[in-house]
Each structure stands twice: as C-alpha cells, then as structure tokens.
Amino acid sequence: LQRNGEAIFDTRPWTQAEGLCLDGQVEIPLRFTQKAELLYAILLGIPAGPVIRLKGLHAAEGTQVQWLGDLAHLEWRQDESDLLVTLGERGKSLPVEGSACSLAIYPQPETVEIDE
C-alpha cells in the first residue's frame, strides 16, 4: 500500500472497472480507479518487458504517464485503440514479482471499443 495507496484510498470507480495489459504475449489484468482528472491503472502483476500495451485506452496529446512512487514521466504512444507505455530503465524499479503496480495517467484517457 505504500507504493499503490494513492490509487486505492480516496478514489472512486472509473467508467470501466477492469481492463487488460499486454506484456509481450503475457496478459496482465488491470483494475481502474480515478481521482479528479487522474486515472489509475492498477496492474495485477509485474511486467517484465520494456513496453506494455494498455488495451482500449486512447490518450490525448500531452498526456502524462508515470509509475506511482516514481516522479519521472514515462514515454508513451498511441497504437490504434491501445496505449503503449515504454518502461525503459524505470521498469527495473518495480516491486518484486507477485505484487501489483500502478500507473497514474493524466488527463484521463478515453475508452475505445476493442474488437476481439
């Protein structure tokens, strides 16, 4: 909770409660909360790859993405209906496997319908 508490306490549900993150071919479930203009994407697993794909999120130009507990902004780009976030060296500071980690996204992105 020390690292992820901001994404849990004093938040409310977002328009979409659950989502999916792809780490290469590995699926990591997501849970979403919000506070003011921030969207929190709580990954229920620790990504290993250098880039993660948040399915069905469309961010506006100028959006800021960062790991909770780390003040640096992460690079990201839009790939059709998905938001790709580059972890780079920041990914090495994530908690140990079996934990959760959270992204703060500002302003909140739009959701996009995903064709399965």
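Rules of the game
- Residues numbered from 1 in each chain as written.
- Predicted model: local features only at pLDDT ≥ 70, side-chain atom pairs only at ≥ 80, totals over all residues.
- Heavy atoms only, no water.
- Pairing = 2+ DSSP bridges.
- Helix = DSSP H or I, 4+ residues; strand = E, 2+ residues; numbered from the N terminus.
- Axes fitted to C-alpha atoms, helices over the stretch in contact; angles between N-to-C directions.
- Disulfide = S-S within 2.5 Å.
- Buried < 20%, exposed > 50% of the residue type's maximum accessible area, 1.4 Å probe, protein only.

**Some remarks on the sheet that holds strand 8 (residues 82–86)**
Part 1 of the argument: Pairing is antiparallel in the open sheet, where eight strands are placed in the order 6-9-3-2-1-4-8-7. For this open sheet the edge positions go to strand 6 (64–67) and strand 7 (75–79), each flanked by a neighbour on one side alone. Along the sheet, successive strands turn relative to each other by an average axial angle of 25°, direction set aside.
Part 2 of the argument: Sheet topology places strand 4 (residues 51–54) next to strand 8; four bridges connect them, and they run antiparallel. Paired with R53 across the bridge in strand 8 is L84.

**What to know about the state of the cysteines**
Part 1 of the argument: Going through the model one piece at a time under the given rule, you end up with zero disulfides.
Part 2 of the argument: Between C21, a cysteine without a disulfide, and C101, which holds the nearest cysteine sulfur, the sulfur-to-sulfur distance is 8.2 Å.

**Brief notes about unusual backbone geometry**
Leaving glycine out, the prevailing phi sign among residues is negative, and the prevailing peptide bond configuration is trans.
Part 1 of the argument: Here the residue pair Y106 and P107 is connected by a cis peptide bond, since its omega of -10° sits within 30 degrees of zero.
Part 2 of the argument: Inspection of the secondary structure puts P107 in the loop between strand 9 (101–106) and strand 10 (110–111).
Part 3 of the argument: In this structure, D10 is a non-glycine residue whose phi angle is positive, near 60°.
Part 4 of the argument: The backbone of A36 shows a phi angle near 55°, a positive value even though the residue is not glycine.
Part 5 of the argument: With a relative accessible area of 60%, A36 lands in the exposed category.

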